[in-house]
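Remarks on the overall topology
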There are 2 protein chains.
Amino acid sequence: MSVPAVGKLQKQTFGARIADALRKAIFAGDLVPGSALIETALAEQFGVSRGPLREAIRQLIDEGLLVQVPFSGTRVTELSESAIREIYSLRTTLEMFAFRLAWDRRDAAFRLEMLQRQQALLAAIDSADELECIRREMHLHSLVYEAADHQLLLEIWGGLKGRLQLYLAANYLAHGRHGPRRTGHDSFVAAALGDSWPVMEAEILQHMRLGSEETERFLKARKEQVDA
Amino acid sequence: MSVPAVGKLQKQTFGARIADALRKAIFAGDLVPGSALIETALAEQFGVSRGPLREAIRQLIDEGLLVQVPFSGTRVTELSESAIREIYSLRTTLEMFAFRLAWDRRDAAFRLEMLQRQQALLAAIDSADELECIRREMHLHSLVYEAADHQLLLEIWGGLKGRLQLYLAANYLAHGRHGPRRTGHDSFVAAALGDSWPVMEAEILQHMRLGSEETERFLKARKEQVDA
DNA sequence: GGTTATTTGTTCGTATGTATG
DNA sequence: CCATACATACGAACAAATAAC
């Protein structure tokens, strides 16, 4: 006798679940970039021992959300302009690669899924749930990485995605909007479903350039605010 | 009073040092792909507790050298043809990206360092120390990633390098040679020090294609051997 | 198919080393 | 230089899940 309502939530290790919770706390702004994490306090807070907590921390370090210096401590990754430039430049390269691999594998299911994810993104924008917007945007872009049938690429995209979300979340939290967003993915989706590779190539470059510029602008403004 | 002879070997955590030892054991063939790691035994063998050992394991998992299934166990990553194709295709993309970034940053120091690393590789080949050959080859290729001034790229290259070494080491261990190797990097180095980007681009593609083909050939032969 | 070993996952208490004020 | 807070590490133990019999 199965229990369909409960689902398969049970078979994770503690570490994985704590990692999820920490990730959520960081994206939600409960843990602000630069703040220190103290193991004992967090362990008690989550109701677990230091072992699983350390594993969760380790995982988030690999995702780029936390930085650790031995014997000193763990902190939420600081935002920096050079880091965001690195993220977008690498992402441009990888997403181009992903589209190249996926280009001839696009079928009806791919197109349907792409449109559904776009719809979900639009719904999230309308609901004004900032964090959900970010998740949906990432989910939309993830499709091509999934379609590329390249395990290693997908894994690296996962790491990049985490870092990216850190910046997008900070941007959202600072001022509730994200820019001209409702139509922001129209041309991207159109190109991704279209038949012209040069158009897709140009669209990726343009899309990444816009994203990078907006995030850099936000960081600069944030920096001036701190200096003042 | 300092002790210069000892050097700064002391400030790592146990986990990091165990990870180094495990890595070496894997590349040396002491831990063969597919073999299981049992925590208690390894902990005793290294003279540490299970805590630090688990951290070391975790680290090697992130590097792609080990795979773990919850509650079941940890094993050395199996070799597969699809994985090697992924490694080389991604590496082609990333190394092209790295060279594009580093291209205009190449100075006298870069050229000197490149030649020195090539010399070190040749010396290792002459000494017939297989594992040293791999390290030197990786070290040579690492230069462009270092010169690209891109922290994130360097980090990802580190992960890729580990996976790559796993295959190269298996190849070496199977049959002591690696192919036509002494002149194998001549054209690569020449292109990297030259002034023609198209030549460099073609060289990367060619170099990666050769490497991928040889490793795939080795894997196919190895598979047939197992089947027989 | 059920039982039992083995191994991982986790906890707790404690000790030690390191960094920071 | 000292004191304190915290990270790191140990070791024994129990729980949970897999795997083999």
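See above for the structure.
Residues numbered from 1 in each chain as written. Chains lettered and ligands numbered in written order. Predicted model: local features only at pLDDT ≥ 70, side-chain atom pairs only at ≥ 80, totals over all residues. Heavy atoms only, no water.

1. Brief notes about the relation of the copies chain A and chain B
Filter applied, for reference: In superposing the copies, a least-squares fit is computed on C-alpha atoms, taking residues whose pLDDT is at least 70 in both. Residues count as neighbours in contact if any of their non-hydrogen atoms are within 4.5 Å of one another.
Of the transformation superimposing chain A on chain B, the axial component is 0.0 Å and the angular component is 180°, with the fit at an RMSD of 0.1 Å. Both copies of the chain, as the preceding transformation shows, are related through a two-fold rotation axis. Counting the interface residues of chain A, we find that 100% of their copies in chain B are interface residues as well, pointing to one common contact surface.

2. Digging into the sheet that holds strand 3 (residues 73-76) of chain B
All names here are of chain B. Stated formally: Only strands that DSSP links by at least two bridges are regarded as paired with each other. Every helix listed is a DSSP run of H or I at least four residues long, and every strand listed is a run of E at least two residues long, numbered separately from the N terminus. Simply put, an axis is a line fit to the C-alpha atoms, just over the touching stretch for a helix, and the angle between two N-to-C directions goes from 0 to 180 degrees.
Spatially, the three strands line up as an open sheet ordered 1-3-2, and their pairing is antiparallel. Only two strands of the sheet have a single neighbouring strand rather than two, namely strand 1 (36-37) and strand 2 (66-69). Pairing of strand 1 with strand 3 involves two bridges; the strand directions are antiparallel. Across the sheet, Leu-37 pairs through a bridge with Thr-74, a residue of strand 3. Sheet contacts for helix 3 (residues 50-62): strand 2 and strand 3; angle to strand 2, the most-contacted strand, approximately 110°.

3. Here we look at the interface of chain A and chain B
Quick reminder of the rule: Salt bridge criterion: a side-chain nitrogen from Lys or Arg within 4 Å of a carboxyl oxygen from Asp or Glu. Here a polar contact is taken to be a pair of N or O atoms separated by no more than 3.5 Å, where protein atoms must pair a possible hydrogen donor with a possible acceptor and residues adjacent in sequence count only if both atoms sit in side chains. Three residue categories are used. Nonpolar comprises Ala, Val, Leu, Ile, Met, Phe, Trp, Tyr, Cys and Pro, charged comprises Asp, Glu, Lys and Arg, and polar comprises the others, including Gly.
Listed by partner, the interface residues are 25 residues for chain A and 27 residues for chain B. Connecting chain A to chain B are five salt bridges. For the salt bridge of A:Glu55 with B:Arg58, the shortest nitrogen-to-oxygen distance reads 3.5 Å. Inspection of the chain A/chain B interface yields 14 residue pairs in polar contact (both at pLDDT 80 or more). The biggest single contributor to the side of chain A that touches chain B is helix 4 (residues 81-102) of chain A, with eight residues. Along the lines of polarity and charge, the residues of the side of chain A that touches chain B split into ten nonpolar, six polar and nine charged.

4. Observations concerning the protein's contact with DNA strand C
Which entries qualify depends on this criterion: The criterion for a residue being near a molecule or strand is simple. One of its heavy atoms has to lie within 4 Å of it.
Around DNA strand C, the structure places 19 residues, and the nearest of them are A:Phe14, A:Ser49, A:Pro52, B:Arg50 and B:Arg54. The sugar and phosphate moieties of DNA strand C supply 78% of its atoms located within 4 Å of the protein. A distance of 2.8 Å separates a phosphate oxygen of DNA strand C from a polar side-chain atom of B:Arg54. A per-class count over the surface near DNA strand C returns eight nonpolar, seven polar and four charged.

5. Quick word on the environment of A:Ser127
All names here are of chain A. Selection criterion: Exposed residues in this analysis have more than 50% of their type's maximum accessible area, buried residues have under 20%, and partly exposed residues fall in between, with area computed by a 1.4 Å probe over protein chains only.
Within the secondary structure, Ser-127 sits in helix 5 (residues 108-127). For Ser-127, a relative accessible area of 47% corresponds to the partly exposed category. A sequence separation of 87 residues divides Ser-127 from Glu-214, and the C-alpha atoms of the two residues are 22 Å apart.

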